[in-house]
Amino acid sequence: MFLKPNHCFVYGTLMAPEVLTTLIDRVPDNIAPAFLPPEYSRHPVIGQVYPGVTAAREDKVKQPTISSCEQENPYYLEIWNDVKSSCVSGVLLSGLNDRELKVLDWFEDVDYTRTTIPVLLDKDGILEKIDADVYIWSAGEELLNLDSPWDYNVFRAEQLTDYLKLTVVPCRMECDRLFR
């Protein structure tokens, strides 16, 4: 019986190796920079240190879209660079086991829905689409600061330590109790 590999695109606090290690005891070996299609946008959750991704408002979708990035296009690399600059960046985690996905589901809670969508990988200038699970914000756009992007570097520098102590470690302890 063939089982598809578990691919999960992460775009917020789960990009931090410290968060992954605390939650699932490891950083997956297969980790690659990846991007969501331009039809998605990432914004801070109001009053929190983490972001949510939603479908971008139509007036905010930056062109070009994935459909214009066919490799037959003579301007492919230029278009791909434009797409990357307008996309939500993150990392693709591969090889997650079912327990690890269960922990990530618990961690993301009811505010997110794990949804399979194509993500974009840049393999030496070649566009590759791969289906991956992505935690899409489902608690309502009114809880997002839609006028601001979320900044991973600011999170790492200013908020990671407290976030680990106050959110991630207690979540891991609860997961250990629930998923023995």
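Since this is a predicted model, take the numbers as computed values, not measurements.

Engineer: With reference to specific residues and values, describe the packing of helix α3 (residues 98–108) against helix α4 (residues 152–178).
Structural biologist: Where α3 contacts α4, the axes come no closer than 10 Å and their chain directions differ by 130°. Relative to α4, α3 is oriented oblique. Seen along the crossing, α3 lies across α4 with a hand that is right-handed. Across from Arg99, Val103, Trp106 and Phe107 in α3, the residues of α4 making contact are Tyr163, Thr167, Val168, Cys171, Glu174, Cys175, Asp176 and Leu178.

Engineer: Please provide a residue-by-residue account of the layout of surface pockets, values included.
Structural biologist: Rolled over the atoms, a probe sized like a water molecule indicates the empty space that remains. Estimated volume of the second largest pocket: approximately 310 Å³. Surrounding the second largest pocket, 18 residues form its lining, Tyr50, Phe107, Glu108, Tyr112 and Tyr163 being those nearest its centre. Listing elements by their share of the lining of the second largest pocket, those giving two or more residues are β1 (7–10), α3 and α4. When the residues that make up the lining of the second largest pocket are grouped by side-chain class, the tally is 12 nonpolar, three polar and three charged.

Engineer: Describe the confidence of the model for the protein chain, and please don't skip the residues or the numbers.
Structural biologist: Looking at the protein chain, pLDDT values average 84 and 81% of them are 70 or higher. Considering each helix and strand of the protein chain separately, the mean pLDDT is smallest for helix α2 (residues 76–86), with a value of 55, and largest for helix α1 (residues 17–24), with 97. Note that residues 63–77 has pLDDT below 50 and, in this model, 26 contacts with residues that lie over four places away or in other chains.

Engineer: Give a detailed account of the packing of α1 against α4, specifying residues and quantitative values.
Structural biologist: Think of two packed helices as two axes; the pair is described by the angle between the axes and how far apart they sit. Contact pair α1 / α4: the axes reach a minimum separation of 9 Å and the direction vectors enclose 10°. By the angle between their directions, the pair α1 and α4 is classed as roughly parallel. Where α1 abuts α4, its residues Pro17, Glu18, Val19, Thr21, Thr22, Leu23 and Ile24 lie against Tyr152, Arg156, Leu160, Tyr163, Leu164, Val168, Val169, Cys171 and Arg172. Taken together, the residues of the contact of α1 with α4 sort by class into 11 nonpolar, two polar and three charged.

Criteria and cut-off values
In this convention, every chain numbers its residues from 1, walking through the sequence in written order. Under the rules for a predicted model, residues below a pLDDT of 70 receive no local features and side-chain atom pairs below 80 are neither given nor counted, while totals for whole chains, interfaces and linings still include all residues. As a convention, hydrogens and water are excluded, and side-chain values are obtained from all of the structure's heavy atoms. Only C-alpha atoms enter the line fits that serve as axes; for helices the fit covers just the stretch in contact. Angles between N-to-C directions range over 0 to 180 degrees. A run of H or I in DSSP counts as a helix once it spans at least four residues, and a run of E counts as a strand once it spans at least two, with each numbered from the N terminus. Each angle receives one of four descriptions, namely roughly parallel if under 35 degrees, roughly antiparallel if over 145, roughly perpendicular if within 65 to 115, and oblique otherwise. Working rule for handedness: look at the near helix, and if it is turned counterclockwise from the far one by less than a right angle, call the crossing left-handed; if clockwise, right-handed. Note on contacts: a residue pair qualifies if any of its non-hydrogen atoms lie within 4.5 Å across the two residues. Grid points spaced at 1 Å over the protein atoms alone were grouped into cavities, where a 1.4 Å probe fits but cannot get out, and pockets, open sets with protein on both sides within 12 Å along at least five of seven lines, with lining residues defined by an atom within 4 Å of a point. Grid points are joined across faces, edges and corners, and a volume is the space filled by probe spheres set on the points. In this classification, Asp, Glu, Lys and Arg are treated as charged, Ala, Val, Leu, Ile, Met, Phe, Trp, Tyr, Cys and Pro as nonpolar, and every other residue, Gly included, as polar. Confidence scores labelled pLDDT are given residue by residue by the predictor and lie between 0 and 100.

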